[in-house]
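Notes for the structure review
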Amino acid sequence: KSHEELLIPSTPCHARTNVMFLKTHKTASSTILNIMFRFAERYNLTVALPADQLVHLGYPKTFLAHFVEDFQAIGQNYNIMCNHLRFNPSEVQKVMAANTFYFSILRNPIRLLESSYVYYKDSVPAFRNSKDVNEFLESPKKYYQLADYRQNIYARNIMWFDFGYDNNAENNKMYVQAVLKEIEQNFHLILIADYFDESMILLKHALCWDLDDVIYFKLNSRSQDTVQTLTPESKERIKAWCSLDWQLYLHFNQSFWRRIEETVGLELLEQEVNHLRMRQKELMETCLSDQEAVGKDNIKNKALLPFQSGAANILGYNLRQDLDNRTLRTCQRMIMPELQYTSYLYAVQHPQKKRKQLGLPQLWTSVQEK
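Let me begin by describing the structure that accompanies this report. What you see is a predicted model; the values in this text were computed from it and never measured. Note that residues are indexed from 1 along each chain, following the sequence as it is written. This being a predicted model, a pLDDT of at least 70 is required before a residue's local features are given, and a value of 80 or more before pairs of side-chain atoms are given or counted; all residues contribute to the totals for chains, interfaces and linings. Only hydrogens and water are removed before side-chain values are computed, so all heavy atoms of the structure are retained for them.

**Digging into the side chain of S116**
The condition that has to hold: A run of H or I in DSSP becomes a helix once it reaches four residues, and a run of E becomes a strand once it reaches two; helices and strands are each numbered from the N terminus. When accessible area is computed with a 1.4 Å probe and restricted to protein chains, residues below 20% of their type maximum are described as buried, those above 50% as exposed, and intermediate ones as partly exposed.
Secondary-structure assignment places S116 in helix α5 (residues 109-119). By relative accessible area, which is 1% here, S116 ends up buried.

**Quick look at the state of the cysteines**
What counts here: Defined by distance alone, a disulfide is two cysteine sulfur atoms within 2.5 Å.
The tally for this structure, following the rule as stated, stands at two disulfides. Residue C13 pairs covalently with C208 via a disulfide, S to S 1.9 Å. Across the S-S bond linking C13 and C208, the dihedral sits near 90°, which makes this disulfide right-handed. With C13 in the loop between α1 (3-7) and β1 (19-22) and C208 in the loop between α11 (196-207) and α12 (232-241), the pair connects residues that are 195 residues apart, well separated along the chain. When its relative accessible area of 17% is taken as the criterion, C208 is described as buried. Bridging C287 to C331, the disulfide has an S-S length of 2.0 Å. Note on the C287 and C331 pair: the S-S dihedral is about -75°, so by sign convention the disulfide is left-handed. Of this pair, C287 sits in helix α14 (residues 266-287) while C331 is found in helix α15 (residues 325-335), placing the two residues 44 residues apart along the sequence. Judged on exposure class, the residue C287 and its partner C331 are both buried. Here the disulfide map of the chain reads 1-2, 3-4, the bonded cysteines being numbered as they appear in the sequence.

**A look at the packing of helix α10 (residues 173-186) against helix α13 (residues 243-263)**
Threshold: To get an axis, a line is fitted to the C-alpha atoms, and for a helix only the part in contact is used. The angle between two axes follows their N-to-C directions and goes from 0 to 180 degrees. Here the word oblique covers every angle except those under 35 degrees (roughly parallel), over 145 (roughly antiparallel) and from 65 to 115 (roughly perpendicular). Should the near helix be turned anticlockwise from the far one by less than a right angle, the crossing is left-handed, and should it be turned clockwise, the crossing is right-handed. It only takes one pair of heavy atoms within 4.5 Å for two residues to be counted as in contact. Three residue categories are used. Nonpolar comprises Ala, Val, Leu, Ile, Met, Phe, Trp, Tyr, Cys and Pro, charged comprises Asp, Glu, Lys and Arg, and polar comprises the others, including Gly.
Two elements in contact, α10 and α13, have axes separated by 11 Å at closest approach and are oriented at 50°. The orientation of α10 relative to α13 falls into the category oblique. As for how α10 packs across α13, the hand of that crossing is right-handed. Each of Y175, V176, L180, I183 and E184 in α10 lies in contact with α13, whose residues at this interface are L244, Q247, L248, H251 and F252. Per-class residue counts for the contact of α10 with α13 are seven nonpolar, two polar and one charged.

**Some remarks on the nonpolar core**
Definition in use: As used in this record, nonpolar core signifies buried Ala, Val, Leu, Ile, Met, Phe, Trp, Tyr and Cys residues forming a set joined through side-chain atoms within 4.5 Å.
Counting 117 residues, the largest nonpolar core has M81, V95, F103, F136 and M200 as the members making the most contacts within it. With sequence-adjacent residues up to four places away left out, F136 is seen in contact with L113, Y117, A126, F127, S130, Y143, A155 and W241.

**Things to note about the pairing of strand β4 (residues 189-192)**
Short version of the rule: Strands are treated as partners if at least two bridges between them are detected by DSSP.
Alternating residues of β4 divide into L189 and L191 and I190 and I192, and every residue in both groups is buried. Inspection of the sheet shows strand β3 (residues 101-106) paired to β4 by four bridges, in the parallel sense. For L106, the partnering residue across the bridge sits in β4 and is I192.

**Quick look at the side chain of N157**
The criterion, for reference: In protein, a polar contact requires one atom able to donate a hydrogen and another able to accept it; more generally it is a pair of N or O atoms within 3.5 Å, and residues adjacent in sequence count only if both atoms are side-chain atoms.
Locating N157 in the fold gives a position in the loop between α8 (140-143) and α9 (158-162). One polar contact links the side chain of N157 to the main-chain amide nitrogen of L244, over a distance of 3.3 Å. Apart from residues no more than four positions distant in its own chain, N157 is found in contact with N167, W241, C242, S243, L244 and D245.

**Overview of the sheet that holds β4**
Pairing is parallel across the open sheet formed by four strands, whose spatial order is β2-β1-β3-β4. Each of the sheet's edge strands pairs with one partner strand only, and the pair in question is β2 (80-81) and β4. Packed on one face of the sheet, α11 meets β1, β3 and β4 and runs near 160° to β4. α13 rests against β3 and β4 of the sheet, and its axis sits at about 100° to β4.

**Quick notes on the packing of α11 against α14**
The geometry of a pair of packed helices is captured by two quantities: the angle between their axes and the separation between those axes. In contact at an axis separation of 9 Å, α11 and α14 are set at 105° when each is read in the N-to-C sense. By the angle between their axes, α11 is roughly perpendicular relative to α14. Only L268, L269, E272, V273, L276 and R277 of α14 make contact with α11, whose side of the interface consists of D197, E198, M200, I201, K204 and H205. When grouped by side-chain class, the residues that make up the contact of α11 with α14 number six nonpolar, one polar and five charged.

**Things to note about the pattern of salt bridges**
Oppositely charged side chains are able to pair whenever their charged atoms sit close together. Here is the rule: Criterion for a salt bridge: a side-chain nitrogen of Lys or Arg within 4 Å of a carboxyl oxygen of Asp or Glu.
With the rule as written, the count across this model stands at 18 salt bridges. Residue D213 pairs with R42 through a salt bridge whose shortest N-O separation is 2.5 Å. In this pair, D213 is assigned in the loop between α11 and α12 and R42 in helix α2 (residues 29-42), connecting sequence segments 171 residues apart. For D213, a relative accessible area of 6% translates into the label buried. For R222, the salt bridge identified is with E114, shortest N-O distance 2.5 Å. Placement of the pair is R222 in the loop between α11 and α12 and E114 in helix α5, with a sequence separation of 108 residues. Judged by relative accessible area, R222 falls into the buried class, the value being 15%. For E114, a relative accessible area of 5% gives the class buried.

In structure tokens, the structure reads:
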């Protein structure tokens, strides 16, 4: 840095409270949704929640403003938007303030496709008709019928689709460049799931939040025994089969590290990541009886069971029994699965509306009434 720059006192920043997170599929985005919901509660912010009985914002339809509960009445006065939607900037802008911070997250498509395969095995025709992920990748065109493209979105370029683009588009250099440029114009920050802790530190700096605002317990992850091992050939095939996602990932992985060097610096990053992990460990010791995530059959409070899908065993947590009320509330929020949290916030924000029916025990919302 030049001499002059060092003399300018750094101005303390204000936490950004208008934030839109494009929640992509199988990218650690449920963990970020939990972070966003907790932040919204901490600052008493208004969340753009799915209307009526929906648990996502109209996905996989392209987003429209009226998918948000009470949009007619509330207008452009929402602070936080983070439930699944298929991005559509002009409609999102009707809901979110002009000074909103937009961010999203990407994951290496190789790991992403394997995760999608296990999670969506029963619901995606292209996956259902193949024995395992390697068989599918030997000849994806055999299992992936364009006629079923709506049901098959998770089987090819799912991130490209979530950003609002055609996941079956030709991989044409000019087209890809134009899309990458458009995403850069629409989003202030793109995080990388494969470097999740580093992403949280970058997010904290970008939004001027506290460390505790980005502390998390990993949510919606699955047990190791359901992970399928990809052959080296399969890994290469994913890059070709999901070439749009692959280019998206490569591009924003580069800009992610560039952004870190320009804003935080690698030295401070390492310090803050360590700090984050220490604080996380501390909270896990405070909150959890098992110190780690447990399989679905070992979750004692069924009201806190995460949604289960496909062949994946989605892990959850057990809280310690001896927590005082205030700690209990903090810990409950940390481990609350996405559907339950969405449903709970909906009940708080829209008390006059019919509760979202999740087919779950009438949990803890009763405990939570303020």
